[in-house]
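A look at the structure
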Amino acid sequence: MTDTLQHDVLAALRDPAHRIPSAWLYDQRGSALFEAITQLPSYYPTRTEIGILEAHLPAIAAAVPERSLLVELGSGSSRKTVPLIDALHQPAGYVPLDISADYLAEAADALSARFPGLPVHPWVADFTEAFDLPADLPEHTSRLGFFPGSTIGNLETGDARHLLQHCRGLLGQDSRFLLGIDLDKSADILIPAYDDPEGVTAAFNRNLLVRINRELGADFDPDDFRHEARYFEAPARIEMHLVCRRAVTVHVAGERFELTAGESLHTETSRKYDIGAFTTLAAEAGWSVSGHWTDAEARFAVLLMHA
Ligand code: AVI
């Protein structure tokens, strides 16, 4: 990331919207808490997407050119990658991209052990910025981008369009892109998914303050802040906030800030799309949706697009 935590936190505290980029939620503890969230009964996206992939991977793989090179944004959990590689029957290689070199090495080792003949090209990249692919990838192979988990929903619309456009350029002609999006639905389902009774999402959100204290020598008291998930209809999204329970004075990097009771830090937006709107967004970025699959309750969708 070119912007540092200090820059982003100071900018957020000076601005009345108090918006901190959600990428900062993922330090080591934040990543572990997110992994725990994906196992919660109320957090439906992960298991729903896995269910869709399990049901439809043969059809998806049949629509992808043979011996494609698989490029995964975020080098996610092997729960999704292993079945995809199995279904693709000997892809030309696997390129996991991740911002964390440690996480990337672990993911690459696990995949190499599981598929000994598969060339694996781990690549450190921040896909919220312009990024490149390794120079030594096999040429003349189709490329399949894979971006599961609805992580694209954590980007602003313009940033999502930019990323799709950038991937279109990197993956090239005859490429495909397999991507998960979370669909809009009732707030009765969405709110508990982002404010679970077990309090794991609250801990994930408040951990940001612990990180800021540790890395910037700040003096937030996480107990002064209440986790809140807010649903908005247009554009459909959940926002995570940390709401001040009382008036708070905080010091960050030598600056002092006053927050009033009820004021909040906005720590994440999670867009909920409909397939039509996402198809339009993808088209603006040079991708045509050639297939989509959902679960029985239409909670989540997996889209296959071609360049
Ligand atoms: C990573 N991302 C897709 C998650 C989401 O659902 O937006 C992050 C998350 N935030 C709270 N719970 C999960």
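Residues numbered from 1 in each chain as written. Predicted model: local features only at pLDDT ≥ 70, side-chain atom pairs only at ≥ 80, totals over all residues. Heavy atoms only, no water.

1. Observations regarding the pairing of strand β11 (residues 288-294)
Of the strand pairs in this sheet, β11 and strand β12 (residues 300-306) are connected by six bridges, and their pairing is antiparallel. The residue bridging Ser288 from the neighbouring strand is His306, located in β12. Here β11 folds back onto β12, and the loop between the two strands holds five residues, one of which, Ala298, carries a positive phi near 50°. (Pairing = 2+ DSSP bridges. Helix = DSSP H or I, 4+ residues; strand = E, 2+ residues; numbered from the N terminus.)

2. Section: unusual backbone geometry
Residue Ala234 is joined to Pro235 through a cis peptide bond whose omega torsion reads -10°. You can see Pro235 is positioned in the loop between β6 (225-233) and β7 (236-244). One non-glycine residue with positive phi stands out, namely His140, at about 55°. Inspection of the secondary structure puts His140 in the loop between β3 (123-124) and β4 (143-147).

3. Topic: the site of the ligand
Residues in close proximity to the ligand total 14 residues, the closest being Tyr43, Asn154, Tyr194, Glu268 and Ser270. A distance of 2.7 Å is found between a nitrogen atom of the ligand and a side-chain nitrogen or oxygen belonging to Glu268. For the ligand, an oxygen atom lies 2.6 Å from a polar atom in the side chain of Ser270. Out of a free accessible area of 340 Å², the ligand has 97% covered by protein chains. Counting residues per element, the ones that place at least two in the shell around the ligand are α2 (28-37), α8 (200-216) and β10 (264-271). (Near = heavy atom within 4 Å. Polar contact = N/O pair within 3.5 Å; in protein donor to acceptor, adjacent residues only side chain to side chain. Areas by Shrake-Rupley, 256 points an atom, 1.4 Å probe, with all protein chains shown as cover.)

4. Quick word on α2
Think of an α-helix as turning once every 3.6 residues; residues three or four places apart then point the same way. Every buried residue belonging to α2 is among Gly30, Leu33 and Ile37, and all of these are buried. Considered in projection along α2, the buried side chains sweep an arc of 65° and stay on one side of the axis. On its buried face, α2 is in contact with α8. (Buried < 20%, exposed > 50% of the residue type's maximum accessible area, 1.4 Å probe, protein only. Arc of directions from axis to C-beta. Contact = heavy atoms within 4.5 Å.)

5. So, the packing of aromatic side chains
Per the counting criterion, the structure on display carries nine aromatic pairs. Ring centres of Phe34 and Tyr43 lie 6.4 Å apart, and the angle between their planes is 80°; this geometry places the pair in the edge-to-face category. By relative accessible area, Phe34 is classed as partly exposed at 26%. With relative accessibility at 6%, the residue Tyr43 sits in the buried group. Seen in terms of ring centroids, Tyr273 and Phe278 are 5.1 Å apart; in terms of plane orientation they differ by 80°. Their pairing is edge-to-face. Its relative accessible area of 4% is what places Tyr273 among the buried residues. Grouped by ring-pair contacts, the aromatic residues Tyr26, Phe34, Tyr43, Tyr194 and Phe204 constitute a single cluster. Geometry around Phe115 places Arg114 over its ring, the cationic atom sitting 4.9 Å from the centre. Geometry around Tyr44 places Arg299 over its ring, the cationic atom sitting 5.5 Å from the centre. (Phe/Tyr/Trp six-rings, centres within 6.5 Å; stacked < 30°, edge-to-face > 60°. Lys NZ or Arg CZ within 6 Å of the ring centre and 35° of its normal.)

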